[in-house]
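Descriptive analysis of the structure
Below, each chain spelled out in residue letters.
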Amino acid sequence: SLIWFTITIILLLGVFSVLLSAKIMAQRRAEAALRQRNRELSLLNRVIAASAAEVETEALLATVCRKLAETFRLPQVAAAMLNEEKTQAVVVAEYLAEGRPSGLHAIIPVPGNPSFEYLMTHKKPLAIADAQHDPLLAPVHDLMHQRGTVSLLLLPLLVEGEVVGSIGLDATEPRPFSADEIELAQRVAEAVSGALARTRLTETHRLLMQAINQSVDTIAITDTEGHITYINPAFERTTGYTRQEALGENLIDLLKSGAHDREFYRHIVDTLRRGQTWQGRVVNRKKDGTRYTDDVIVSPVFNERGEITHYISIQRDISRLIELEEQFHQAQKMEAIGQLTAGIAHDFNNLLTTINGFAELLRFQLAPTDPSVEMVDKIIQAGEQAARLISQLLAFSRKQVIRPRPVNLNQVILGMQGLLHSTLGRPDISLKIHLADDLWPIKADPTQLEQVILNLASNARDALPNGGSVTITTQNMVVDKHLNGHTIKMLPGQYVCLRVEDDGIGMPEDVRAHIFEPFFTTKEVGKGTGLGLASVYGIVRQAGGYIEVETAEGQGSTFTVYWPVIERAVQPAARPTREPGRETILLVEDDASVRGLIKRYLEEQGYHLLIASNGTEALQLAQQYSSPIHLLLTDVVMPEVNGLALADRLIAMYPGMKVIFMSGYPREEVLAPGRWRGTYEFLSKPVSPSTLSKRVRAILDGQRPAQPSPDGLNGNSAIRQQ
């Protein structure tokens, strides 16, 4: 029994020993698991802390590489990031034990790289036992040798489900990474991926805010009731409202200009509440009351449940664009007018030459007391008005010939006093003229200058339905930077001021804003062309001058023209001595009425005329005529042989012959530079008999006319060598 007891004791001790060993082993395993768990938690905590502390991606990855190397007891860990095209990866961070070669900034090709293709396809870790020979790392075997990498664990970095980079854990000795190690490393990579996602989100938010804040478009966000919750700086610049003034206000009420009715805004709101985007043009109002036009896009903002939480409005001020569009349409209109005017000008001016010319001849033949004088004068006035209208249309279409020269504005006004009184034409309107002494000279086309003065005077007359006064004033003015920009922007310098003032009915602001637009008129149909003030504006601006208007309803209007000064003073030229005509003139004109008028008038002056209706007939006459022909007076546009070709051929026959070209077309169209190189004078139709007589006498005497008239009612003259 002792033996049995002993055996029993021995067996019990063995069992106890086995149980004790098992318990010790279990405890050791538990302790190891706890240490592993603590190590994992420590690593993850350090990674999370680094993720929270580091803002830059490279700094975060450098910290993670160090923590992984310390935890896994590895000599090197590196992180690489893919470019946007995912064609290459660049090593952006690494941890190296002392003496290890660096691979920082190394470029790893992605296409044809099996290891990266594995990560991008499977999006899970890749453990490689033999990094220097494994075919998955074939493109980077040289790098593996250089770094001394034997075993490798690659971890993908994922953002929104896409691989954006990787972390490589390098072992310089053979090391089969365990499943627990791979799991821990993967959890670290997931934490880093989350940090990268947050970093990218922060960067995206930063860029978005920069774009919004730097946008030239005004951006406003409102709640579903239309109250402003956000505005960008452009909104403040454009509207004049500060952020503090705008927040909480209703966007529509804040900018409402009165240009749209309630139904217009209701349609916008209804569209947005249906979850749709509204787009269109809105006339808004700034804080200072100025109206401006916006191109507007308003869209609803939805939350994750599809509910509308806000509205975002993007507005672009297109006031300048609209102005340019209007200018473009106006230019098209002017081009159409130019084409129409050029088409009819020749024939129309021929008719005016006949009407005005015969009326002037008839007027000379009538005694001052003849009762027909008044009727003839009205015919002449109507012809002059028609010629003036054609001249204005040609000016708009840039087809009128402009010849500026030094003039004295006072002399022009004094020479127009009779015409000004006639223009005002009513006993209840008085004309006052105040001219400055020693007025500086300006460079202007005299006819255009007269046109400016007459149109301003006519406008003043029409503003005086109950009578009143019109005052014309001139003065010298120096504009410096301190005076610059009272109501208009002017370049500093010396100007001659022409001021036409009336004490009439004045204009409201909505009329004043359009007075210089072509065809804009407040007169009844048939009583105004809408070209007068537009013509004034075009002439003044083309001369480099400025015009401004001060007016208010019931307080009259003042138009001020600023004309640039020139250096050269204006010296009155002596009139040439006129002698009776005795020379032979070859007149070539295809319009029978004009031809008859010129023939009659020049023959009355004593000239001997040879008459031809076309170029061919003129050549025949010249060949048959045995005496000298002193002057060729010819139309330019004619069938078969035009005036230029005719002059060329006749100059060869009569080398000393002078030439005057006439045309109802603008000079630049019929006598463009290079088309004819002889000495000539050009007369624009309609031309009056008296003007024709002066020009003929001047060129025959070899003189430049003392005061040539530019294109318009009285014709145009310029003796020059081309």
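Scroll up a little and you will see the structure.
So, here is what we can say about the structure in this document. (Residues numbered from 1 in each chain as written. Predicted model: local features only at pLDDT ≥ 70, side-chain atom pairs only at ≥ 80, totals over all residues. Heavy atoms only, no water.)

Quick notes on empty space enclosed by the protein
Summed over all chains, the structure comprises 3 cavities of 30 Å³ or more. Estimates place the volume of the largest cavity at around 260 Å³. Along the walls of the largest cavity sit 19 residues, with Ile108, Leu143, Met144, Leu154 and Gly168 positioned nearest its centre. Among the secondary structure elements, those contributing two or more residues to the lining of the largest cavity are strand S1 (76–82), helix H3 (114–122), helix H4 (141–147), strand S5 (151–159) and strand S6 (162–171). Split into classes, the residues belonging to the lining of the largest cavity amount to 12 nonpolar, 5 polar and 2 charged. (1 Å grid on protein atoms, 1.4 Å probe; cavity = no way out; pocket = protein on both sides within 12 Å on 5 of 7 lines; lining within 4 Å. Points joined across faces, edges and corners; volume = space filled by probe spheres on them. Helix = DSSP H or I, 4+ residues; strand = E, 2+ residues; numbered from the N terminus. Nonpolar A, V, L, I, M, F, W, Y, C, P; charged D, E, K, R; others polar.)

Examining the sheet that holds S1
With antiparallel pairing, 6 strands are arranged side by side in an open sheet as S3-S2-S1-S6-S5-S4. Bordering the open sheet on either side are strand S3 (107–109) and strand S4 (126–128), each of which pairs with just one other strand. For this sheet, the mean angle separating the axes of adjacent strands, direction not counted, is 25°. Bridge count for S1 against strand S2 (residues 88–96) is 7 bridges, and the pairing is antiparallel. For Leu82, the partnering residue across the bridge sits in S2 and is Ala89. Each of S1, S2, S3, S4, S5 and S6 touches H3; the most contacted strand, S6, lies at about 125° to it. Packed onto the sheet, helix H5 (residues 179–214) meets S1, S4, S5 and S6 and runs at close to 35° relative to S5. (Pairing = 2+ DSSP bridges. Axes fitted to C-alpha atoms, helices over the stretch in contact; angles between N-to-C directions. Contact = heavy atoms within 4.5 Å.)

Concerning the nonpolar core
In this structure, Leu409, Leu420, Leu498 and Phe559 are the most contacted members of the largest nonpolar core, which totals 39 residues. Among the elements that make up this core, the one with the highest residue count is helix H14 (residues 446–462) (7 residues). Here Leu498 is in contact with Leu409, Ile413, Val452, Ile453, Ile472, Thr473, Thr474, Phe559, Thr560 and Val561, once residues within four sequence places are set aside. Within the second largest apolar cluster, 28 residues are counted, among which are Leu155, Ile167, Leu184 and Ala189. (Core = buried A, V, L, I, M, F, W, Y, C linked by side-chain atoms within 4.5 Å. Buried < 20%, exposed > 50% of the residue type's maximum accessible area, 1.4 Å probe, protein only.)

Overview of the pattern of salt bridges
Taken as a whole, this structure holds 21 salt bridges when the rule is applied. Here Glu589 and Lys685 are joined by a salt bridge, their closest N and O atoms 2.8 Å apart. In this pair, Glu589 is assigned in the loop between strand S19 (584–588) and helix H17 (592–604) and Lys685 in the loop between strand S23 (679–684) and helix H21 (689–700), connecting sequence segments 96 residues apart. Close ionic contact of Arg695 with Glu681 constitutes a salt bridge, the shortest N to O distance being 3.7 Å. With a gap of 14 residues between them, Arg695 in helix H21 and Glu681 in strand S23 connect regions that are remote in the sequence. Relative accessible area serves as the criterion here: at 0%, Glu681 is assigned to the buried category. In this structure, a network of salt bridges that share partners links the residues Arg281, Asp295 and Glu325. (Salt bridge = Lys/Arg side-chain N within 4 Å of Asp/Glu carboxyl O.)

Here we look at the environment of Ile433
Inspection of the secondary structure puts Ile433 in strand S13 (residues 429–434). When the C-alpha atoms of Ile433 and Val470 are compared, they prove to be 8.5 Å apart, with 37 residues separating the residues in sequence. If near-sequence neighbours (up to four positions away) are discounted, Ile433 is found in contact with Ile413, Gln417 and Ile472.

Overview of H3
Along H3, the residues that are buried comprise Ser115, Phe116, Tyr118 and Leu119. Angular distribution of buried residues about the axis of H3 spans 155°; they occupy a single face of the element. Contacts from the buried residues of H3 go to S1, S2, S3, S4, S5 and S6. Where H3 terminates, the next one or two residues include Lys123, which has phi positive at roughly 55°. (Arc of directions from axis to C-beta.)

Quick word on the packing of aromatic side chains
The full count for this structure, using the stated rule, is 4 aromatic pairs. Summarising the aromatic geometry, the rings of Tyr495 and Tyr546 are spaced 6.0 Å apart at their centres and angled 65° between planes, so their arrangement reads as edge-to-face. Separated by 51 residues along the polypeptide, Tyr495 in strand S16 (residues 493–502) and Tyr546 in strand S17 (residues 546–551) bring together distant segments of the chain. Residues Tyr495 and Tyr546 agree in their burial class; the two are buried. By way of ring pairs, the aromatic residues Phe264, Tyr265 and Trp278 are connected into one cluster. Residue placement shows Lys286 over the ring face of Tyr292; its charged tip is 5.6 Å from the ring centre. (Phe/Tyr/Trp six-rings, centres within 6.5 Å; stacked < 30°, edge-to-face > 60°. Lys NZ or Arg CZ within 6 Å of the ring centre and 35° of its normal.)

A look at the packing of helix H2 (residues 57–72) against H5
The interhelical angle for the contact between H2 and H5, taken along N-to-C directions, is 170°, at an axis separation of 11 Å. Put simply, H2 runs roughly antiparallel to H5. Between H2 and H5 lies a crossing whose hand is right-handed. Across from Thr57, Leu60, Leu61, Val64, Leu68, Thr71 and Phe72 in H2, the residues of H5 making contact are Glu181, Leu184, Ala185, Val188, Val192, Ala195, Leu196 and Thr199. In the contact of H2 with H5, the residues fall into 11 nonpolar, 3 polar and 1 charged. (Parallel < 35°, antiparallel > 145°, perpendicular 65-115°, else oblique. Left-handed = near helix turned anticlockwise from the far one by under 90°.)

So, unusual backbone geometry
Of note in the backbone geometry, Arg73 takes a positive phi value of approximately 55° without being a glycine. Residue placement: Arg73 occurs in the loop between H2 and S1. Phi is positive for Asp438, close to 50°, though the residue is something other than glycine. Structurally, Asp438 is set in the loop between S13 and strand S14 (442–444).

Things to note about the environment of Arg100
Within the secondary structure, Arg100 sits in the loop between S2 and S3. Between the C-alpha atoms of Arg100 and Pro75, which are 25 residues apart in sequence, the distance is 7.7 Å. The contact partners of Arg100, leaving out residues within four places of it in the chain, are Pro75, Gln76, Arg147, Gly148 and Thr172. A polar side-chain atom of Arg100 sits 3.1 Å from a polar atom in the side chain of Gln76. (Polar contact = N/O pair within 3.5 Å; in protein donor to acceptor, adjacent residues only side chain to side chain.)

Some words on the packing of H14 against helix H16 (residues 532–542)
Close contact between H14 and H16 brings their axes to 9 Å; oriented N to C, the two are set at 145°. Here H14 and H16 pass one another in a crossing that is left-handed. For the pair H14 and H16, contact is made by Gln448, Gln451, Val452, Asn455, Leu456 and Asn459 and by Gly532, Leu533, Ser535, Val536, Ile539 and Val540, respectively. Residues that form the contact of H14 with H16 fall into these classes: 6 nonpolar, 6 polar and no charged.

As for the pairing of strand S21 (residues 631–635)
Most of S21 is tucked away, with 5 of its 5 residues classed as buried. Alignment of S19 against S21, held across 4 bridges, turns out to be parallel. Bridge pairing links Leu586 to Leu632 in S21. With 5 bridges joining them, S21 and strand S22 (residues 658–663) adopt parallel strand pairing. Residue pairing across strands places Leu632 opposite Val659, the latter belonging to S22.

Function-wise, these values are silent; they only describe arrangement.
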